[in-house]
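Next come the chains, spelled out residue by residue.
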Amino acid sequence: MTAQPMTMAEKLLSAHAGVDSVQPGQLIDCAVDLVLANDITAPLAIRAFHELGVKNVFDPQKIALVPDHSTPNKDIASAKLTKMMRDFAYEQEITHYYEVGCMGIEHALLPEQGVVGAGDLVIGADSHTCTYGALGAFSTGMGSTDVGVAFATGRAWFKVPQTIRINLEGSLASTVTAKDAILHIIGRIGVDGALYQAMEFHGGAIEGLSIEGRMTMANMAIEAGGKAGLFPVDTTTRAYLDARTERPYTVYNPDEGAVYARTITIDAADIVPTVAFPHLPSNTRPVAEARDVAIDQAVIGSCTNGRIEDMRAAAHVLNGRTVHPRVRCIVIPATQAVFKQCIDEGLTDIFVNAHCVVSTPTCGPCLGGHMGVLAPGERAIATTNRNFIGRMGDTTSEVYLASPAVAAASAVAGHIALPDDLD
């Protein structure tokens, strides 16, 4: 009997559950290919692991621990948490532990290092684990207790999600980025528009995106409530993976006739440079309608937009210009490799000459931890993924989400602006 046609999410989950097919709503027990945590979430997972009375992790090569949120340690409390994770990594001989100096923001680092591949089932104690769907993996965030159990067993329970098919047809304008595209989609469907559903992206505009652009979109699937954001594996995906790993990978593209909860078709020509106003990623407006918003800070980086493509876009705008005297501009390359590439390509000189601060890789400002905490009443434009109340600091501060080019232009202008406004 031939298995029923399935979506990407259904095919991946059925394969890891060891069954021929699955249906939305079905509860399944799956073997996972990678379990990850960071310096904030790993300690909770480690405590859960020890409470099980288990001595060893299921496979030290299938666990990744990355100190990226509060490192280099910003205070004694964060130092204690990081030490707990570090000690556990050494004790369990974890292969993919990345010390300061080697680490990066986890969702940029692991794909870059070839740790994640197409067809993988990945869970992480971080909500933006969904980033790896850009590579054709099913990846999703879970609570630290679930991750601690997976440290021990290599397995996790899933409820098979329904899938929304999003067709982005045509081509994006040269001034429009993947960040604009995902903000447009979230603005259209809302922050709960894909609640506990997989988002599967198709269409000519998707095929034209780099892997970095796809990671930006997959990363923010959770901001629409999505369980995962998945991109079919194509020649662009294969070229990215083949350049980074010799580990075999499996392609699970959707079947013809797969059943979707709904299909959303968008003309890429309708998407313009977009900014999300406080205090939701869905509160979107065209940048052209936001020029009256003055800013105090610009942050260019994060797991959403801290890759070399993003650094180049920001540097292109900042080259020969300087940041507005009333604005602080913080640039954070997402990994050490991206940092070095910025130096090699002269981008770091551009940033420093423009009066930006260039930071070691960190998630710090994105969650209001360090490296750019906002004071009462301050406004920041950021290439991060969330702008909830108090996300970057004081509860009366405001965060506006945008692409690297728009964030850079805004830093120069002193208010939200398009790069063309600077000419």
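Residues numbered from 1 in each chain as written. Predicted model: local features only at pLDDT ≥ 70, side-chain atom pairs only at ≥ 80, totals over all residues. Heavy atoms only, no water.

A. Looking closely at the state of the cysteines. Within the structure shown, the criterion is met by 0 disulfides. Between Cys102, a free cysteine, and Cys363, which holds the nearest cysteine sulfur, the sulfur-to-sulfur gap is 17 Å. Note on Cys102: relative accessible area 54%, which makes it exposed. Take Cys366: it sits in no disulfide, and the sulfur closest to it among the cysteines is that of Cys303, at 6.2 Å. (Disulfide = S-S within 2.5 Å. Buried < 20%, exposed > 50% of the residue type's maximum accessible area, 1.4 Å probe, protein only.)

B. The domain arrangement of the protein, seen in detail. Assigned domains of the protein: these are domain 1 (8-265) and domain 2 (274-421). Here the C-alpha centre of domain 2 lies 24 Å away from the C-alpha centre of domain 1. Counting residues at the interface gives 36 residues for domain 1, matched by 35 residues for domain 2. Taking both partners together, domain 1 and domain 2 bury about 2,800 Å²; carbon and sulfur atoms supply 59% of that area. In this structure, the connection of domain 1 to domain 2 is made through 1 salt bridge. A salt bridge links Glu223 to Arg386; the nearest nitrogen and oxygen atoms lie 3.0 Å apart. (Domains from an automatic or database assignment. Contact = heavy atoms within 4.5 Å. Buried area = accessible area lost by both parts, 1.4 Å probe. Salt bridge = Lys/Arg side-chain N within 4 Å of Asp/Glu carboxyl O.)

C. How the structure looks around helix α6 (residues 178-189). In a regular helix each residue adds 1.5 Å, so 12 residues correspond to 16 Å; α6 covers 17 Å between its end C-alpha atoms and thus fits that length. Within α6, 9 of the 12 residues are buried, which leaves it mostly tucked inside the rest of the structure. Turning to α6, its buried residues number three or more, namely Ala178, Lys179, Asp180, Ala181, Ile182, Leu183, Ile185, Ile186 and Ile189. Taking the backbone nitrogen of Lys179 as reference, a side-chain oxygen 3.2 Å away marks Thr177 as the first, capping residue of α6. Of the residues one or two after α6, Gly190 is the one with positive phi, at around 90 degrees. (Helix = DSSP H or I, 4+ residues; strand = E, 2+ residues; numbered from the N terminus. Expected span 1.5 Å × (residues − 1). Polar contact = N/O pair within 3.5 Å; in protein donor to acceptor, adjacent residues only side chain to side chain.)

D. Layout of a negative patch on the surface. There is a patch of like negative charges on the surface, built from Glu169, Glu207, Asp267 and Asp270. Relative to the helices and strands, Asp267 is located in strand β11 (residues 262-267). (Patch = residues over 30% accessible without salt bridge, like charges linked within 9 Å, V, L, I, M, F, W, Y side chains within 5 Å. Areas by Shrake-Rupley, 256 points an atom, 1.4 Å probe, with all protein chains shown as cover. Lys, Arg positive; Asp, Glu negative; His and termini not counted. Charge placed at Lys NZ, Arg CZ, Asp CG, Glu CD.)

E. Geometry of the sheet that holds strand β6 (residues 138-141). Overall, parallel pairing links the 5 strands, which are arranged β4-β3-β2-β5-β6 in an open sheet. Looking at strand neighbours, the two that pair on one side only are β4 (96-97) and β6, the edges of this open sheet. Strand direction decides the pairing type here: strand β3 (residues 63-66) and β4, joined by 2 bridges, are parallel. Within the sheet, the bridge partner assigned to Leu65 lies in β4 and is Tyr97. (Pairing = 2+ DSSP bridges.)

F. Local environment of the nonpolar core. Formed by 59 residues in total, the largest nonpolar core has its most connected members in Leu110, Ile185, Met199, Phe201 and Met217. Looking at this core element by element, the count peaks at 7 residues for α6. Here this core gathers at least three residues from each of two domains, domain 1 (8-265) and domain 2 (274-421). Among residues more than four places away in sequence, those in contact with Leu110 are Leu34, Leu36, Ala64, Val66, Tyr98, Val115, Val116 and Tyr132. Formed by 39 residues, the second largest nonpolar core is a distinct cluster that contains Ile46, Phe49, Met142 and Ala150. (Core = buried A, V, L, I, M, F, W, Y, C linked by side-chain atoms within 4.5 Å.)

G. Representation of the side chain of His96 in the model. In this fold, His96 is placed in strand β4. Only 3.5 Å separates the side chain of His96 from the backbone oxygen of Gln61, close enough to count as a polar contact. Polar side-chain contacts of His96 include one of 3.3 Å to the side chain of Tyr98. If near-sequence neighbours (up to four positions away) are discounted, His96 is found in contact with Gln61, Ile63, Ala64, Leu65 and Val115.

H. Local environment of unusual backbone geometry. Between Thr71 and Pro72 the backbone carries a cis peptide bond, its omega angle lying at -5 degrees. Mapped onto the secondary structure, Pro72 falls in the loop between β3 and α3 (76-91). Residues Pro278 and His279 are joined by a peptide bond in cis, for which omega reads 0 degrees. As for its position among the elements, His279 is in the loop between β12 (274-276) and β13 (284-286). Phi at His355 is positive, roughly 75 degrees, even though this residue is not glycine. Here His355 is to be found in the loop between α13 (347-353) and β16 (357-358). The class for His355 is exposed, based on a relative accessible area of 56%. Non-glycine residue Met371 carries a positive phi angle of around 60 degrees. Overall, Met371 belongs to the partly exposed group, its relative accessible area being 31%.

I. Spotlight on a nonpolar patch on the surface. Nonpolar side chains collect at one region of the surface, where Leu52, Val54 and Val149 lie side by side and expose about 200 Å² of accessible area between them. The topology assignment puts Val54 in the loop between α2 (42-51) and β3. Judged by its relative accessible area of 30%, Val54 falls in the partly exposed class.

J. Representation of the packing of aromatic side chains within the structure. Going through the model one piece at a time under the given rule, you end up with 6 aromatic pairs. Between Phe49 and Phe88, the aromatic rings sit 5.4 Å apart at their centres with planes inclined by 75 degrees, giving edge-to-face as the arrangement. In this pair, Phe49 sits in helix α2 while Phe88 sits in helix α3, placing the two residues 39 residues apart along the sequence. When the ring of Tyr90 is compared with that of Tyr97, the centres are 5.9 Å apart and the planes differ by 80 degrees; the resulting orientation is edge-to-face. Relative accessible area serves as the criterion here: at 52%, Tyr90 is assigned to the exposed category. The buried category is assigned to Tyr97, whose relative accessible area is 12%. One aromatic cluster is present, formed by Phe49, Phe88 and Phe151 through successive ring pairs. Of note, Arg244 hangs over the ring of Tyr240, and the distance from its end group to the ring centre comes to 3.6 Å. Here the basic side chain of Arg285 rests over the ring of Phe277, its NZ or CZ set 3.8 Å away from the ring centre. (Phe/Tyr/Trp six-rings, centres within 6.5 Å; stacked < 30°, edge-to-face > 60°. Lys NZ or Arg CZ within 6 Å of the ring centre and 35° of its normal.)

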